[in-house]
Amino acid sequence: MISEEENNIVHYDVKVINAYKSYGVNKIINGLNMNVASGSIYGLLGPSGCGKSTLLQCILGSIALDSGSINLKVQSLSDVGYMPQDLCLDGKLNIKETLAYYGALHKMSEKNIVTRIKELKNILSLPDLDTYIENLSGGQSRRVSLGITLFHDPEVVILDEPTVGLDSLLREQIWVEFRKMVEQHKTTIIITTHYIEEANQANCVGLMRNGVLVEEGLPRDIIANNHSNSLESAFLKICYKRQEDNLIHNEHCVQNREVITTEAKHNNNKLMKSSTNMDLDRIKVLIKKNVRTMFRDYAFLFTMLILPIIQTFAICNAIGTNINDLAIAFQNDEIDFSDCRRNNIDGCVFNNKNNQTISCDILNHLASLYTLNDMKDRNIDELILKKSNNIAFIHFPKNYSIQFFKFFDDHENYNIESQVSVNLTKYNSLYTNRLLIDLTNTMNHVAENILNSCSKNPRALSIPVKLTVVSGVDVKSYTDCIISIFIVMGTFYFPCIFSLTITLTDKMEGIISRSMFSGVTIAEVVMSLFCIMNVLLILQMAIPLFMAYVLYGRPIIITNGLVAYTVLMILVGWTGFFFGIISACISSSTLAAIYAVNGFNFCQAILAGAAWPVEGQFPLLQFVSELCPIRIAGNIMNNISLRGWTWEHPMVVASILKMLIYNVMLSLIVFILVKFKKDAWIKK
Ligand SMILES: Nc1ncnc2c1ncn2[C@@H]1O[C@H](COP(=O)(O)OP(=O)(O)OP(=O)(O)O)[C@@H](O)[C@H]1O
């Protein structure tokens, strides 16, 4: 038989003892004591910004107290249900999937999940369960959020303004449910609310002001003690009185009963501790949820799967190709250019000098390389160059061919005034260099034709150098030389953007912290993303490789070095992934993080030699370039594919080792952030 003394003993599920918490100089909790009896509803009231949410988060252990202690009777997070003030819901899931996700995190069976979804649909008047969260009204989303909190039937329920935005009828229904939970299941509920009158239904209310509870008691006692007719007016009186007295004291809810402090099995720091533990089932649940949301985000899918195709297409078509669309202005005083088309060198030009027009030969050859614009008025040449797209102006004097032959026959008496003049625009060094090479080649070509026409050895004019390729594949364009750098750029960039955007979005939307309240560890979040990333990485590697080497036929030497090539790509992908995770962890703004990562990748690509050879950089910059993962891997991948380097080459082994070291270092940083910087994964 229970004695009267035992009957008076109150057991507490939550005890806050002399708690202090400051943000900088702002003291938010200032020596607060609070006792929440088991199997009761505790209404925590107070003006906006007084620290109610902070106190709840300290109770849950997501924020650490500066001093004081919080004792919770519950054993683990699975015994607690927390509804944050923000919704923290994933818009790309529907109601059923959302509830099932949290049910699965709490390791509920499929059958229980289905039954519980039906129950909560009735209790919370949820709309059609297939409706996506992003299509719900504010009040409907809040009910789903409450549903998540109650889903696993926790012993202690902590609710931060659960009834905001709900109509009075629904609020009433929900309070009836709270009372039922307390009576039937002995659930303990702590609830903050702005609707003071609904707190009348609580077993105990506490009024928080200036970091302490200024009043705590049964609602009807507080009303009676303050000679008021409602809880709201009673609290107003208390606030005025406190302002006058400037007195802060804390009286306990049940003063005439003996208080037994429940043994502190878990304090706030242990309940939601940073953990590197991993549970395979939870990782599977996280993977399922992330894959589901990814496949519903078309912009994300486009970035992950279509953008690599577009990028490779752009690289293969827009870099290192022949520049065919350049224009040259010319004036030919020797012959009208329209007559040139009929003009061919006929017989040996030295025997038939007067009929030959060498300018035609030169212009016809240039016409196969450039767009030629015939200018009749030489005086406007300056204007032509400034106002048009012509990169040069070429002028042939009247007696050009005669003098040209003289150049061969009688070099001493050659009239220098009669040579072709070329006026260059020098705003683009690439164009200028190209034109100079083309002019030299053209003149050589014409000279060879002339010598051929007279049955003379054309090699008489060429320089005495013999060129032979001794190693490496025969590259045809600049793209061939740097294609591996571009491929590896994408292999770094896409996993980086993948891990950054998913982690940061889930962090900023509170989905990570909400999942953590359901037992998920950050290590599990990272591992689930790592698994998905590896599948995506296979596609992101295969797409550019197939396009570059199969579709566009870029040169490649097939050796066993290609295995090292693949290993390097995978290691670069992992580096990008870890880099994205770390960036997401230390960033507090999604846009800033994306800009920073894009900017970093751009610099890295430039330093790695994507635009210009690294050998042209000054020594210190070269040293920095050699530290970039894209350079470490890309350079060796180029050597494997173009020079046939294999596993046996020490540089190949060295670069694989360097990339391994990179991955170990970055994963170590991730480990430290997971283990010791829990706050960094949660939106402040
Ligand atoms: N991470 C933080 N850094 C600095 N100050 C913070 C942080 N979080 C909260 N605060 C400050 O602490 C105070 C208490 O905030 P809290 O959210 O706990 O108030 P509240 O009582 O729940 O308010 P409301 O009823 O409007 O939700 C506020 O002044 C807020 O600006």
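Everything numeric here is computed off the predicted structure, so don't read it as measured data.

Before going further, it helps to spend a moment on the overall build of the protein. The secondary structure content of the protein amounts to 24 helices and 15 strands. When the 684 residues of the protein are sorted by exposure, 38% land in the buried category. In the protein, once contacts between residues fewer than 6 apart in sequence are set aside, the share between residues at least 24 apart is 78%.

This part covers the UniProt feature "transmembrane region" (unreviewed entry) in the protein. In the numbering used here, UniProt assigns the "transmembrane region" (unreviewed entry) feature to residues 298-320, 482-504, 525-550, 562-586, 593-614 and 651-674. Along residues 298-320, the helical share is 91% and the strand share 0%, with 33 Å between the first and last C-alpha atoms. Secondary structure within residues 651-674 divides into 100% helix and 0% strand; the distance between the first and last C-alpha atoms comes to 34 Å.

Burial of strand 12 (residues 327-332) is extensive: five of the six residues sit out of reach of the surface. Examined bridge by bridge, strand 12 and strand 13 (residues 371-374) share four bridges and lie parallel to one another. Pairing of I328 across the sheet is with L372, part of strand 13. With six bridges joining them, strand 12 and strand 14 (residues 390-396) adopt parallel strand pairing. Paired with A327 across the strands is N390, a residue of strand 14.

This brings us to the sheet that holds strand 13. Read across the open sheet, the four strands follow the order 13-12-14-15; overall the sheet is mixed. On the outer flanks of this sheet lie strand 13 and strand 15 (421-424), each paired with one strand and no other. Taking each pair of neighbouring strands and ignoring which way they run, the sheet shows an average axis angle of 25°.

Two elements in contact, helix 20 (residues 561-586) and helix 24 (residues 650-676), have axes separated by 9 Å at closest approach and are oriented at 25°. On the basis of the axis angle, helix 20 is roughly parallel to helix 24. Of the two elements, helix 20 crosses helix 24, and the hand of that crossing is left-handed. Its residues placed into classes, the contact of helix 20 with helix 24 shows 20 nonpolar, five polar and no charged.

Below, the discussion takes up the environment of N639. With respect to the element layout, N639 can be found in helix 23 (residues 629-643). Between the C-alpha atoms of N639 and V652, which are 13 residues apart in sequence, the distance is 8.9 Å. Once residues within four sequence positions are removed from consideration, N639 is found in contact with W645 and M651.

Here we come to the packing of helix 3 (residues 95-105) against helix 10 (residues 280-296). Helix 10 packs onto helix 3 with a crossing angle of 160° between their chain directions and a minimal axis gap of 9 Å. Judged on the interaxial angle alone, helix 10 and helix 3 are roughly antiparallel. In this structure, helix 3 meets helix 10 at a crossing whose hand is left-handed. Together, E97, Y101, A104 and L105 of helix 3 and R282, V285, K289 and R292 of helix 10 make up the contact between the two elements.

Attention now moves to the environment of T115. With respect to the helices and strands, T115 occurs in helix 4 (residues 110-123). Sequence-wise, T115 and L504 are 389 residues apart; in three dimensions their C-alpha atoms are separated by 33 Å.

Here the focus is the sheet that holds strand 3 (residues 41-45). Pairing is mixed across the open sheet formed by six strands, whose spatial order is 5-6-7-3-8-9. The two strands at the open ends of the sheet, each matched to only one other strand, are strand 5 (80-83) and strand 9 (212-217). Strand after strand, the sheet turns through a mean of 15° between neighbouring axes, direction not considered. Where strand 5 meets strand 6 (residues 156-160), four bridges bridge the pair, whose relative direction is parallel. Each residue of the ladder has a partner; that of Y82, found in strand 6, is I158. The strands that helix 2 (residues 52-60) touches are strand 3, strand 5, strand 6, strand 7 (188-192) and strand 8 (204-209); relative to strand 6, the one it contacts most, it runs at about 150°. Packed on one face of the sheet, helix 5 (residues 138-151) meets strand 5 and strand 6 and runs near 170° to strand 5.

Time to look at the site of the ligand. Not every one of the twelve residues close to the ligand is listed here, only the nearest: Y23, S48, K52, S53 and T54. A total of three residues in the shell around the ligand trace back to one element, the largest contributor, which is helix 2. Its residues placed into classes, the shell around the ligand shows three nonpolar, seven polar and two charged.

Take the nonpolar core next. Of all hydrophobic cores here, the largest spans 143 residues; its most connected members are I158, V488, L568 and A633. At 16 residues, helix 17 (residues 478-508) tops the list of elements feeding residues into this core. Filtering out sequence-adjacent residues up to four positions away, A633 remains in contact with V488, L568, L571, V572, S655 and M659. Ranked by size, the runner-up nonpolar core spans 18 residues in total, among them I328, F330, I358 and C360.

It is worth spelling out helix 11 (residues 298-318) at this point. Each full turn of the α-helix corresponds to 3.6 residues, which orients residues three or four apart in the same direction. The principal kink in helix 11, of about 45°, is found at I306, preceding the proline P308 by one to four residues. Along helix 11, the residues classified as buried are M304, P308, T312, I315 and C316. Its buried side turned inward, helix 11 meets helix 17 and helix 19 (522-551). Directly beyond the C-terminal end of helix 11, a positive phi value near 75° is found at G320.

Rules used throughout
- Residues numbered from 1 in each chain as written.
- Predicted model: local features only at pLDDT ≥ 70, side-chain atom pairs only at ≥ 80, totals over all residues.
- Helix = DSSP H or I, 4+ residues; strand = E, 2+ residues; numbered from the N terminus.
- Buried ≥ 20, exposed ≤ 12 C-beta atoms within 10 Å, placed from the backbone.
- Contact = placed C-beta atoms within 7 Å.
- UniProt positions renumbered as here; feature names shortened; annotations may be inferred.
- Pairing = 2+ DSSP bridges.
- Axes fitted to C-alpha atoms, helices over the stretch in contact; angles between N-to-C directions.
- Parallel < 35°, antiparallel > 145°, perpendicular 65-115°, else oblique.
- Left-handed = near helix turned anticlockwise from the far one by under 90°.
- Nonpolar A, V, L, I, M, F, W, Y, C, P; charged D, E, K, R; others polar.
- Near = placed C-beta within 6 Å.
- Core = buried A, V, L, I, M, F, W, Y, C linked by C-beta atoms within 7 Å.
- Bend = angle between axes of the 7 residues up to and from the residue.

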